[in-house]
Amino acid sequence: MTAGPDRTPLARAFFDRPVLEVAPDLLGRVLVRRTPDGPIELRLTEVEAYAGPADPGSHAYRGRTERNAVMFGPPGHAYVYFTYGMWHCLNLVCGPEGHPSGVLLRAGEVLHGHEWAHQRRPKARNDHELARGPARLATALGVDRRQDGSDVCGGPDAPLAILTGHPARPEQVLSGPRTGVGGEGATHPWRFWIDGDPSVSPYRAHSPRRRNSTRRQVGT
């Protein structure tokens, strides 16, 4: 892989901006995941913005916890959370320290390291499905809670980095409601994606989870 302007890592100043500026500007950038097996590179095609205390959909809406502590730290770090008891999701912290906001990385096109991504995502029917959705993206990249707090501006040995890539042109970028977000934050048009890209995940409105109403009988 040859070096060039598109291979330049993004500086911390890129992330030290309002989340609604950072989120669409991430489209077309290249996420590098360095693993013991080898590097995986992915072109970002879909993201969602979360604005902390001002956003009912954000994990930081009700304040700092052990789980979301990274969001309150300096920008340019990875916030990785575990959801539904089975999946991880990867976010990038934005804005000034102490003002938590972040961008959920929802989808991307694998550019390099397909073999490693397919090993982690054996059910993917084609390359476009390898990272089509936030849980699939994290799985394909081998991201879990061990990368929580990783500095994406940490240099050539960091487990995660964001390269300049080829930013999407403004006319390519669409926006709409975030996927699966309910309540007061349901209508925020803070999901951004590259129009027509096959790796973008399908939109799904929020659907409340229901408890199983069937009671187990003792002794059966």
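To keep things clear, this report deals only with the structure shown in the data block. Residue indices begin from 1 for each chain and proceed along its sequence in written order. Since the coordinates come from a predicted model, pLDDT governs what is reported: local features require at least 70, and pairs of side-chain atoms require 80 or more to be given and counted, while whole-chain, interface and lining totals use all residues. Derived side-chain values reflect all non-hydrogen atoms in the structure, with water molecules and hydrogen atoms excluded from consideration.

**Points about the side chain of His 77**
Cut-off, in case you're wondering: By definition, any uninterrupted DSSP run of H or I lasting at least four residues is a helix, any uninterrupted run of E lasting at least two residues is a strand, and each is numbered from the N terminus. Side-chain atoms alone can form a polar contact between residues adjacent in sequence; in general such a contact is a pair of N or O atoms within 3.5 Å, and within protein one must be able to donate a hydrogen while the other accepts it. Every residue pair with non-hydrogen atoms within 4.5 Å of one another is taken to be in contact.
Mapped onto the secondary structure, His 77 falls in the loop between β2 (39–50) and β3 (78–83). Only 3.3 Å separates the side chain of His 77 from the backbone oxygen of Pro 74, close enough to count as a polar contact. Residue contacts for His 77: discarding those within four places in its chain leaves Arg 12, Val 70, Asn 91, Leu 92, Val 93, Gly 149, Ser 150, Asp 151 and Val 152.

**Here's the deal with the nonpolar core**
The cut-off we apply is this: Buried residues of nine kinds, namely Ala, Val, Leu, Ile, Met, Phe, Trp, Tyr and Cys, make up a nonpolar core once their side-chain atoms join them within 4.5 Å. Here's how the labels work: a residue is buried when its accessible area is under 20% of the maximum for its type, exposed when over 50%, partly exposed in between, all with a 1.4 Å probe on protein chains only.
Formed by 39 residues in total, the largest nonpolar core has its most connected members in Phe 15, Leu 26, Leu 31, Leu 90, Val 103 and Leu 105. With 5 residues, the top contributor of residues to this core is β2. Excluding residues that lie within four positions of it along the chain, Leu 105 makes contacts with Leu 26, Leu 31, Leu 44, Glu 46, Val 47, Leu 90, Leu 92, Pro 134 and Leu 137. Core analysis: the second largest hydrophobic core is formed by 11 residues, Ala 60, Phe 72, Tyr 79 and Tyr 81 among them.

**So, the packing of aromatic side chains**
Here is the rule we go by: Centre distance within 6.5 Å is the pairing criterion for rings of Phe, Tyr and Trp, where only the six-membered ring of Trp is used; planes under 30 degrees apart are then read as stacked, over 60 as edge-to-face, and the remainder as tilted. A positively charged side chain is recorded as over a ring if its NZ (Lys) or CZ (Arg) lies within 6 Å of the ring centre. The angle to the ring normal must also be within 35 degrees.
For the structure shown, the criterion picks out 2 aromatic pairs. Judged by centre distance (5.1 Å) and plane angle (75 degrees), the rings of Phe 14 and Phe 15 are edge-to-face. For the pair formed by Phe 14 and Phe 15, the shared burial category is buried. For the ring pair Tyr 79 and Tyr 81, a centre distance of 5.6 Å and an interplane angle of 40 degrees mean the geometry is tilted. With a relative accessible area of 12%, Tyr 81 lands in the buried category. Directly above the aromatic system of Phe 14 lies the positively charged group of Arg 17, at a separation of 4.6 Å from the ring centroid. Between the NZ or CZ atom of Arg 191 and the centre of the ring of Trp 193, over which it lies, the distance is 4.2 Å.

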